[in-house]
Amino acid sequence: EDFGEKRKESDLKSQLEMRLIGAPQVLIREPETQLYPIYTEGECDERVTVANSMLTSDMCAFKAANPRAQFVDFVRWHSPRDFVDGKLSERMSKPGNTWETMFKDAEPIAAKDQKLLFDPITEGERVLHLLETAKFDTILRYLCALGANTAFCIYAESCVKNLRCAGSMHPLLDEKLQRCRDICASVFYNVNEAKQEDFAQAAYEIQLIERTAARAASLRKQIGEKCELNFIIERLWIDSVKREYESEAKRVVGLDEKEEGGGAFTAVNGVCSVSNDEERRIVLENIGAKRKIACEYEVEEKDGVNRLHASTSARFTRISSVSC
């Protein structure tokens, strides 16, 4: 019996800060559950089946850890949003709903005693067989998809670092990444039907994301690490990125006057508006103390507007400016 108790304890993750609804109202035990299976976009049709198998597995593990638990206890643990104001949600309280039926049929079996939802050995052998029998062009296209995803991760991390986003994704970057993902997914999802121009468009979108990340890195390098200047970097970056995508939209519909470049990128100047005295003070103090916002700068006065131009060197096109 002692051995049996130890075996039961090994199936538990922890005790929760809530008790069973019915008697004996002991603390609910959180069970160890199976790792969720990994599947590709090509297996989307199997998602409903996989989701039901995962839910049944969790129900079995929960029952094994809490033999006297009721359906409402499982819902409180597994889907807290369906337990509001001391009662089940409408969808969970309907007689004969799918979850309740599955819970009644679930057997109390600990996760480690259940049939594996995902067998890494079997799935690994299946993937190896696919690679062994696939044609070269198919493998190349799969590698392109992996490379694109890796690029997304690298560029996103670079932007978060240089824009000082406190570990989160900047909304504009998230929007542009999603656009690029959608275009790449449309190409790589049906690799057998993709044409050369489709891959060219996907590559072009990745280049746009690369330039988006490069702008943030360049601005950070030129303006420096001072936190009080972060707002300048963010505004210059947002403005230049928006302008570049607007320029790209015109190129696509044939409105750009310089189409002979074959889709080549053009320089885009970003503008950062300094909107209050405190921000103006920060900018001017950095100039006055010769802590330059860029390698070189100039202030011009025109119609009562001071404009600070920033560029990497005299040889390169101005990439940013601050109006104050």
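This text follows the structure it describes.
In this text, all values refer to a predicted model and were calculated from it rather than measured experimentally.

Draft legend 1. Looking closely at the overall build of the protein. Regarding its fold elements, the protein presents 11 helices and eight strands. Looking at the 324 residues of the protein, the share that counts as buried comes to 36%. Restricting the contact set of the protein to residue pairs at least 6 apart, pairs at least 24 apart contribute 59%. Counting every atom, the protein has about 20400 Å² of accessible surface; 53% of that belongs to carbon and sulfur.

Draft legend 2. Summary view of the side chain of N66. Tracing the chain through its elements places N66 in the loop between α2 (47-65) and α3 (71-78). There is a polar contact of 2.7 Å between the side chain of N66 and the backbone nitrogen of R29. Setting aside residues up to four positions removed in sequence, N66 forms contacts with L27, I28 and R29.

Draft legend 3. Examining the nonpolar core more closely. In terms of nonpolar packing, the biggest core is built from 34 residues, with F152, C159, C184, I206, I223 and W237 touching the most fellow members. When residues of this core are traced back to their parent elements, those giving at least two are α7 (136-163), α8 (171-188), α9 (196-223) and α10 (230-252). The biggest single contributor to this core is α9, with nine residues. Beyond its immediate sequence surroundings of up to four residues, I206 is in contact with A148, A151, F152, Y155, C180 and C184. Judged by nonpolar contacts, the second largest core, of 18 residues, contains L20, C60, M102 and A106.

Draft legend 4. Structural view of the packing of α7 against α8. At a minimum axis separation of 11 Å, α7 and α8 run at an interaxial angle of 180°. In terms of their interaxial angle, α7 and α8 are classed as roughly antiparallel. Between α7 and α8, the residues in contact are R141, C144, A145, A148, F152, A156 and C159 and L173, L177, C180, R181, C184 and F188, respectively. Residues belonging to the contact of α7 with α8 are distributed by class as follows: 11 nonpolar, no polar and two charged.

Draft legend 5. Expanded view of the environment of A213. You can see A213 is positioned in helix α9. Among the residues examined, A213 registers a relative accessible area of 4% and is labelled buried. Sequence separation between A213 and N162 is 51 residues; the distance between their C-alpha atoms is 8.6 Å.

Draft legend 6. Seen up close, a nonpolar patch on the surface. The grouping of V127, L128 and L131 at the surface amounts to a nonpolar patch, some 260 Å² of accessible area in total. Locating V127 in the fold gives a position in helix α6 (residues 120-133).

Draft legend 7. Up close: α3. The buried fraction of α3 amounts to seven of the eight residues, a majority that puts the element mostly inside the structure. Among all positions in α3, only F71, V72, D73, F74, V75, R76 and W77 are buried.

Draft legend 8. Fine view of the packing of aromatic side chains. Taken as a whole, this structure holds seven aromatic pairs when the rule is applied. Aromatic side chains F62 and F74 sit 5.5 Å apart centroid to centroid with 75° between the ring planes, which places their arrangement in the edge-to-face category. Within this pair, whereas F62 is found in helix α2, its partner F74 is found in helix α3, the two being separated by 12 residues in sequence. Residue classification places F62 among the buried positions, given a relative accessible area of 0%. Ring centres of F188 and F199 lie 5.7 Å apart, and the angle between their planes is 50°; on these two criteria the pair is classed as tilted.

Draft legend 9. Quick peek at the pattern of salt bridges. One pass over the full model with this rule turns up nine salt bridges. Here D113 makes a salt bridge to K112, at a shortest N to O gap of 3.9 Å. A relative accessible area of 39% means that D113 is categorised as partly exposed. A salt bridge links R215 to E244, with the shortest nitrogen-to-oxygen separation between them at 3.6 Å. In this pair, R215 is assigned in helix α9 and E244 in helix α10, connecting sequence segments 29 residues apart. As far as the burial class goes, R215 and E244 line up, both buried.

Draft legend 10. Fine view of the environment of E248. With respect to the helices and strands, the residue E248 is situated in helix α10. Given a relative accessible area of 4%, E248 falls into the buried group. Setting aside its immediate chain neighbours within four residues, E248 contacts R179, Y204 and L208.

Draft legend 11. Geometry of α9. Here α9 contains 28 residues, and its C-alpha end-to-end distance of 40 Å stays within 8% of the 40 Å for a straight helix at 1.5 Å per residue. Where α9 terminates, the next one or two residues include G224, which has phi positive at roughly 105°.

Criteria and thresholds
Each residue is numbered by its place in its chain's sequence as written, counting from 1. Given that this is a predicted model, residues contribute local features only at a pLDDT of at least 70 and side-chain atom pairs are listed and counted only at 80 or more, while totals for whole chains, interfaces and linings are drawn from all residues. Side-chain figures throughout are based on the complete set of non-hydrogen atoms in the structure, without hydrogens or water. The helix and strand labels rest on DSSP assignments: H or I over at least four residues marks a helix, E over at least two residues marks a strand, and numbering proceeds from the N terminus. Buried residues are those whose accessible area, probed at 1.4 Å on protein chains only, stays under 20% of the maximum for their type, while exposed residues exceed 50% and partly exposed ones sit between those limits. Two residues qualify as a contact provided that any one of their heavy atoms is within 4.5 Å of a heavy atom in the partner residue. Computed with the Shrake-Rupley method and a 1.4 Å probe, the accessible areas treat only the protein chains shown as cover for residues. The definition of a polar contact used here is a pair of N or O atoms within 3.5 Å, where within protein one atom must be able to donate a hydrogen and the other to accept one, and adjacent residues in sequence count solely through side-chain atom pairs. By nonpolar core we mean a set of buried residues, namely Ala, Val, Leu, Ile, Met, Phe, Trp, Tyr and Cys, connected to one another through side-chain atoms within 4.5 Å. Each axis is a line fitted through C-alpha atoms, taken for helices only over the stretch in contact, and angles between the N-to-C directions span 0 to 180 degrees. Roughly parallel means an angle under 35 degrees; roughly antiparallel, over 145; roughly perpendicular, 65 to 115; everything else is oblique. Charged means Asp, Glu, Lys or Arg here, nonpolar means Ala, Val, Leu, Ile, Met, Phe, Trp, Tyr, Cys or Pro, and polar covers whatever is left, Gly included. Patch membership is restricted to residues that have no salt bridge and whose relative accessible area is over 30%. Joining uses 9 Å for like charges and 5 Å for the nonpolar side chains Val, Leu, Ile, Met, Phe, Trp and Tyr. Think of a salt bridge as a Lys or Arg side-chain nitrogen and an Asp or Glu carboxyl oxygen that are within 4 Å of each other. Working definition: a ring pair exists when centres of Phe, Tyr or Trp rings (six-membered ring for Trp) sit within 6.5 Å. Plane angles under 30 degrees give stacked, over 60 give edge-to-face, the rest tilted. An expected span of 1.5 Å times one less than the residue number is assigned to each helix.

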